[in-house]
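Now for the letters of each chain:
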Amino acid sequence: MKRDRILGLVVSCVVGTALVTGLVVPATFARGTHAQLPADALARDEADLAAAINVQRSTSGLAPVATDYTLTDVARKYSQDEVARGFFSHRTPDGKSVFDLLNASGFS
């Protein structure tokens with residue numbers, strides 16, 4: 001169960017970073033504007049990704065994963081921090097790991 005929650009965080013981080021940095025954007029979002037995606041578009045894309053992951057999990061006989069909003073919040077903030085401070089790493093420039101950020105959020 002905890003492994004699935006951490007997998008969800010990793011997926012959220014990757015997708016969040018891709019969406020916030022413009023690596024992946026909905027077709028309706030204008031490219032080259034450097035503006036942040038509207039929250040509803042971001043949530044829609046995250047829901048679509050979770051649904052696609054669950055389809056694949058189902059075909060492999062695995063239970064579906066569910067969105068954890070604490071993890072989603074941590075992932076979004078992390079990807080926004082990556083953009084704001086210009087880094088792309090599993091550790092922040094000040095050496096914090098995702099587990100440090102999860103602990104600080106109260107996630108258990």
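Residues numbered from 1 in each chain as written. Predicted model: local features only at pLDDT ≥ 70, side-chain atom pairs only at ≥ 80, totals over all residues. Heavy atoms only, no water.

For helix α3 (residues 69–85), with 17 residues, the first-to-last C-alpha span of 24 Å sits near the 24 Å given by 1.5 Å per residue. Taken as a whole, α3 has its buried residues at Leu71, Thr72, Val74, Ala75, Tyr78, Ser79 and Glu82. Within α3, the buried residues cover an arc of 165° as seen down the axis, which keeps them to one side. Exposed residues pointing more than 90 degrees away from the buried face of α3 are listed as Tyr69, Lys77 and Ala84. The N-cap residue of α3 is Asp68: its side-chain oxygen and the backbone nitrogen of Thr70 are 2.9 Å apart. (Helix = DSSP H or I, 4+ residues; strand = E, 2+ residues; numbered from the N terminus. Expected span 1.5 Å × (residues − 1). Buried < 20%, exposed > 50% of the residue type's maximum accessible area, 1.4 Å probe, protein only. Arc of directions from axis to C-beta. Polar contact = N/O pair within 3.5 Å; in protein donor to acceptor, adjacent residues only side chain to side chain.)

Considering all chains together, one arrives at one aromatic pair under this definition. Ring centres of Tyr78 and Phe87 lie 5.8 Å apart, and the angle between their planes is 90°; on these two criteria the pair is classed as edge-to-face. A single burial state applies to Tyr78 and to Phe87, both of which are buried. (Phe/Tyr/Trp six-rings, centres within 6.5 Å; stacked < 30°, edge-to-face > 60°.)

With respect to the secondary-structure elements, Asp81 resides in helix α3. Along the chain, Asp81 and Thr92 lie eleven residues apart, while their C-alpha atoms are 8.4 Å from each other. Residues in contact with Asp81, not counting those within four places in the same chain, are Gly86, Phe87 and Thr92. In terms of polar contacts, Asp81 uses its side chain to reach the side chain of Arg85, at 2.8 Å. (Contact = heavy atoms within 4.5 Å.)

With the rule as written, the count across this model stands at four salt bridges. For the salt bridge of Asp94 with Arg85, the shortest nitrogen-to-oxygen distance reads 3.2 Å. Looking at Asp94, the relative accessible area reads 48%, which means it is partly exposed. Through salt bridges with shared partners, one network takes in Asp81, Arg85 and Asp94. (Salt bridge = Lys/Arg side-chain N within 4 Å of Asp/Glu carboxyl O.)

Moving on, we get to the packing of α3 against helix α4 (residues 98–105). Closest axis-to-axis distance for the α3/α4 pair is 10 Å, and the angle between their directions is 125°. When the axes of α3 and α4 are compared, the pair comes out oblique. Remark: the crossing between α3 and α4 carries right-handed chirality. Only Leu101, Leu102 and Ser105 of α4 make contact with α3, whose side of the interface consists of Thr70, Leu71, Val74 and Tyr78. Split by residue class, the contact of α3 with α4 holds five nonpolar, two polar and no charged. (Axes fitted to C-alpha atoms, helices over the stretch in contact; angles between N-to-C directions. Parallel < 35°, antiparallel > 145°, perpendicular 65-115°, else oblique. Left-handed = near helix turned anticlockwise from the far one by under 90°. Nonpolar A, V, L, I, M, F, W, Y, C, P; charged D, E, K, R; others polar.)

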